[in-house]
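For reference, the chains in residue letters:
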Amino acid sequence: MKVIREPREMQQTALTLRDKAIRIGLVPTMGAFHDGHVSLMRRAKQENDVCVVSLFVNPLQFNDPADLERYPRNEAADLEIARSVGADILFTPSAAAMYPPDAQTFVEVTRVSQPLCGGQRPGHFRGVATVVAKLFMITLPRRAYFGLKDYQQCRVIAQMARDLYFPPDLVFCPTVREADGLAMSSRNARLTPEDRRAATVLPRALELAQSRFADGERDPSVIQALVRERLLTEPRAGIEYVEVVDAQTLEPIAEIAQPALVAIAARFGDIRLIDSVALTPPSPEPEPLAPDPLDTSDVPHRVAPRA
Ligand code: AMP
């Protein structure tokens, strides 16, 4: 595995590979690898000729400097994991190289960046869109891989790619969970043992939403209240939001007649965790012949049943 730190060198390498019709699969990450990251790397490796993993803790997407400061970093361990999964290139630029002092160009995706985490973390999705746009232009991937764990991020990137005619196919991958259902996250390592136990209330609350939906409940406010009530049984959970929204637009809905998303953000101590699950009503229509590749609404996104 080659480690590249300079954006120009990475882009030159990508151009040379593309000239030889070698397909690049990109996995953008912020490091502190866990099995969620590994699942994306494996898939990128399987479906492309070369797997490029980017490791960059993007300052532009942190609205809270203390959160950026505390973000877990372990380059040596990450290098070893990426190598063992078979990544071909680890691209790990410096913040100064990605954002030189004279940089003036940023990418903003408007509507879909605003609800959910957009309300709590001003500028976050502008940072995400900007860095992903740069990574696309630097690594020139044929496909790029993202986790549905960060569902709104997937929607923002899909919208950006559609609006700006970015060429790579976007592949949105299911959330990888711990045995007790907690969605894997680099932030989980910073939970106290008590908060780690308490955090399982997130997948439990989402399971409840899924089971009520399976029983026929279609009123988003009923499901929202149920999830909130379940979260309130855990005093260590500080709820930031519980929302049931349209899975495509992330806007409020009056009834779950189209695919919907149940999304939660909650704090355990100073660690903010998010999780979500899609609720997809059975379609009365036959499957379309050519599904839109940017449409994530039918991607499996479920909480695994309790072990
Ligand atoms: P991060 O390093 O947290 O920015 O994540 C890098 C990529 O891995 C993003 O596309 C995330 O959505 C994805 N990811 C993070 N956690 C998980 C998980 N538990 N399951 C699947 N993908 C994940």
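Rules used in this analysis
Residues numbered from 1 in each chain as written. Predicted model: local features only at pLDDT ≥ 70, side-chain atom pairs only at ≥ 80, totals over all residues. Heavy atoms only, no water. Pairing = 2+ DSSP bridges. Helix = DSSP H or I, 4+ residues; strand = E, 2+ residues; numbered from the N terminus. Axes fitted to C-alpha atoms, helices over the stretch in contact; angles between N-to-C directions. Expected span 1.5 Å × (residues − 1). Buried < 20%, exposed > 50% of the residue type's maximum accessible area, 1.4 Å probe, protein only. Arc of directions from axis to C-beta. Contact = heavy atoms within 4.5 Å. Right-handed = clockwise from strand over helix to strand, strands pointing away. Left-handed = near helix turned anticlockwise from the far one by under 90°.

**Considering the sheet that holds strand β5 (residues 143-147)**
Here six strands make up an open sheet; going across it, the order is β1-β4-β3-β2-β5-β6 and the pairing parallel. Edge positions in the sheet fall to β1 (2-4) and β6 (169-173), since each of these pairs with one other strand and no more. Between one strand axis and the next, the sheet turns through 25° on average, direction left out of account. Examined bridge by bridge, strand β3 (residues 50-55) and strand β4 (residues 89-91) share three bridges and lie parallel to one another. Bridge pairing in β4 links V52 to I89.

**Topic: helix α1 (residues 7-19)**
In an α-helix, one full turn covers 3.6 residues, which means residues spaced three or four apart are oriented alike. Compared with the 18 Å implied by 1.5 Å per residue over 13 residues, the 18 Å span of α1 between its first and last C-alpha is a close match. Among all positions in α1, only P7, M10, T13, A14 and L17 are buried. Seen along its axis, α1 keeps its buried residues to an arc of 125°; they face one direction. Looking at α1, the residues exposed on the side facing more than 90 degrees away from the buried face are R8 and D19. In this structure, the buried side of α1 is in contact with β1, β2 (24-29), β3, β4, α5 (95-98) and α7 (124-139). After α1 finishes, the residue A21 shows a positive phi value of roughly 60°.

**Side note on the pairing of β3**
With six of its six residues buried, β3 lies for the most part within the structure. Neither face of β3 is left uncovered, since the one carrying V50, V52 and S54 and the one carrying C51, V53 and L55 both have all their residues buried. The pairing of β2 with β3 spans six bridges and is classified as parallel. Counterpart to I24 in the pairing with β3 is V50. Assessed by its sense of winding, the connection that carries the chain from β2 through helix α2 (residues 35-47) to β3 is right-handed.

**Side note on the packing of α2 against helix α4 (residues 75-85)**
Running from N to C, α2 and α4 cross one another at 35°; their axes reach a closest spacing of 10 Å. Between α2 and α4 lies a crossing whose hand is right-handed. In this structure, α2 contributes V38, M41, R42 and K45 to the contact, and α4 contributes I81, A82 and V85.

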